[in-house]
Amino acid sequence: MPGITLPPFPDDVPTHPLMIIDFTLIKSGDAQEINKLWKAATEIGFWYLKNHGADHEVDEMFNMGKEFMDLPMDEKLKFEQGDEGRSFGYKAAGSTATDGYGNVDAAEFIDVAKDDALAYPAIVHRTYPSPVNTHMDSTDPTILTNTILSVFEKKLGLPAGVLLSCHADGDPTGTEARVIKTPPKVNDAAVSQGVKEKVDVTLGAHTDFGSLTLLYNRLGGLQVLPPGSSDWQYVRPLPGHVLCNVGDALTLFSGGILHSNLHRVVPPPGAQALHSRWSLVFLTRPGNGVQLRMLKDASEAINRMAEKMGPEEREKFEPNATASEWIVRRKKNQRINNRTGPETWRASQGMEHEPEAI
């Protein structure tokens, strides 16, 4: 946050290497850079993006988050999302499960709907407190996401506009901007003595609900579970870079060609654990009424993937759900007040390749 000097990510903590993609080269149509992006999106499903041009908007959103989180709790709770699968508004710490055992999260966050931001001061989904309203013009990263979606559209062999039309401006959508605050997890003595405290998962193993996620954070804590590995690995935050990843919707649309990878959030390593972890996330999702299904009729590559699938796998890729229904199911079953047992957590899952991972 502004005015705070944060310790660096420790050099002795192993991290998973990710490709760095230059957005200016992607915009210019550079074939080599586009192939790098495609490789990242189809293998681990995560990559860094530099030269994204959104630093001012990012700073404004972090400022909004700080102003909102400083409000009294009773004021923040007036905007709580509730237990019915609603995605916009405030989520209090401890209100969602992080695993099938019923452990709860430690993060609080505020979600701002893209629809509300674009329509402001008109109301599409809900109202927000004044700190959010004053920053409504900083909540839309469409130029980044549409450019990346256009690349994927061509690489999948889809006709121009097919994938972008699933995310058309003007259609009601679950797309949102989120500012997250997670409190420190350890004390000074533990850090100075090198004590390794129990790893508390602050956001459980999951794949993202939508199409593309853009993450800005200044501290570590994000971990990925690479396909074929049983070991969680930290992702190092890089100043000035946005961390991007593929979500469930693109995995479904592409028949699994684009990879929605498992990830989770744990306390930052080393001295970073003494600080609150702030994150800004832009979550791009298809239009609410878009049917989540393989676009095999429009792409030979996707059709070939579908033809290789057995009945069970094909059923997974044809969930008979709209984008809105997919999000509501997952969010509703994550809420701890809705928990009846481990089956509730399982019902919240998406395209995870390791369903029992924590």
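Right above here is the structure, for reference.
Since the model is a prediction, treat every value here as computed from it, not as a measurement.

(A) Seen up close, the overall build of the protein. Along the backbone of the protein there are 14 helices and 12 strands. Its C-alpha atoms give the protein a radius of gyration of 20 Å, within 12% of the compact-globule value 21 Å for 358 residues. Here the protein holds 358 residues, and 53% of them are scored as buried. Restricting to contacts in the protein with at least 6 residues of sequence separation, those with at least 24 account for 77%. Here the protein has roughly 15,500 Å² of accessible surface; of this, 51% comes from carbon and sulfur atoms.

(B) Expanded view of the sheet that holds strand S7 (residues 212-217). Spatially, the 8 strands line up as an open sheet ordered S1-S2-S10-S7-S12-S5-S4-S3, and their pairing is mixed. Two strands close off the open sheet at either side, each with one partner strand: strand S1 (20-22) and strand S3 (89-91). Between one strand axis and the next, the sheet turns by 25° as a mean value, whatever way the strands run. For S1 and strand S2 (residues 46-50), the ladder comprises 3 bridges, and the chain directions are parallel. Within S2, the residue paired with Asp22 across the bridge is Lys50. Together, S1, S2 and strand S10 (242-246) form the strand contacts of helix H2 (residues 31-43), whose direction differs from that of S1 by roughly 140°. Sheet strands in contact with helix H7 (residues 142-155) are S2, S7 and strand S12 (277-284), and its direction is about 135° off that of S7.

(C) Structural detail: the pairing of S10. For S10, a buried count of 5 out of 5 residues is recorded, marking the element as mostly surrounded by other parts of the structure. Side chains of S10 alternate between two faces, with Val242, Cys244 and Val246 and Leu243 and Asn245 buried alike. Examined bridge by bridge, S7 and S10 share 4 bridges and lie antiparallel to one another. When the sheet's bridge partners are listed, Leu212 is paired in S10 with Val246.

(D) Expanded view of the sheet that holds strand S11 (residues 263-265). In spatial order, the strands read S6-S11-S8-S9; together these 4 strands make up an open sheet with antiparallel pairing. This sheet does not close on itself; its edge strands, each paired only once, are strand S6 (203-206) and strand S9 (233-234). Where S6 lies against S11, 2 bridges are found, and the strand directions are antiparallel. Across the sheet, residue His206 finds its bridge partner in S11, namely His263.

(E) Structural view of the pattern of salt bridges. In total, this model carries 18 salt bridges according to the counting rule given. Note that Lys39 and Glu43 form a salt bridge whose closest N and O atoms lie 2.8 Å from each other. Of this pair, Lys39 and Glu43 both sit in helix H2, 4 residues apart, which is roughly one turn of that helix. We classify Lys39 as partly exposed; its relative accessible area is 40%. Between Arg178 and Glu176 there is a salt bridge; the shortest N-O distance is 3.1 Å. The structure contains a network of salt bridges with shared partners spanning Asp111, Glu176, Arg178 and Arg285.

(F) Fine view of the side chain of Thr173. Structurally, Thr173 can be placed in the loop between helix H8 (162-165) and strand S5 (176-182). A polar side-chain atom of Thr173 sits 3.0 Å from a polar atom in the side chain of Thr175. Apart from residues lying up to four places away in sequence, Thr173 is in contact with Phe88, Asp115, His125, Arg285, Pro286, Gly287 and Asn288.

(G) Representation of unusual backbone geometry in the model. Look at the link from Tyr120 to Pro121: it is a cis peptide, with omega at 10°. As for its placement among the helices and strands, Pro121 is situated in the loop between helix H5 (114-119) and helix H6 (130-133). With phi around 55°, Asn51 is a residue other than glycine that occupies positive phi space. Relative to the helices and strands, Asn51 resides in the loop between S2 and helix H3 (55-69). In the Ramachandran plot, Asn320 falls in the positive-phi region, its phi being about 55° despite a non-glycine side chain. For Asn320, the location among the structural elements is in the loop between helix H12 (311-316) and helix H13 (323-334).

About the cut-offs
Residues numbered from 1 in each chain as written. Predicted model: local features only at pLDDT ≥ 70, side-chain atom pairs only at ≥ 80, totals over all residues. Heavy atoms only, no water. Helix = DSSP H or I, 4+ residues; strand = E, 2+ residues; numbered from the N terminus. Rg over C-alpha atoms; globule rule 2.2 N^0.38 Å. Buried < 20%, exposed > 50% of the residue type's maximum accessible area, 1.4 Å probe, protein only. Contact = heavy atoms within 4.5 Å. Areas by Shrake-Rupley, 256 points an atom, 1.4 Å probe, with all protein chains shown as cover. Pairing = 2+ DSSP bridges. Axes fitted to C-alpha atoms, helices over the stretch in contact; angles between N-to-C directions. Salt bridge = Lys/Arg side-chain N within 4 Å of Asp/Glu carboxyl O. Polar contact = N/O pair within 3.5 Å; in protein donor to acceptor, adjacent residues only side chain to side chain.

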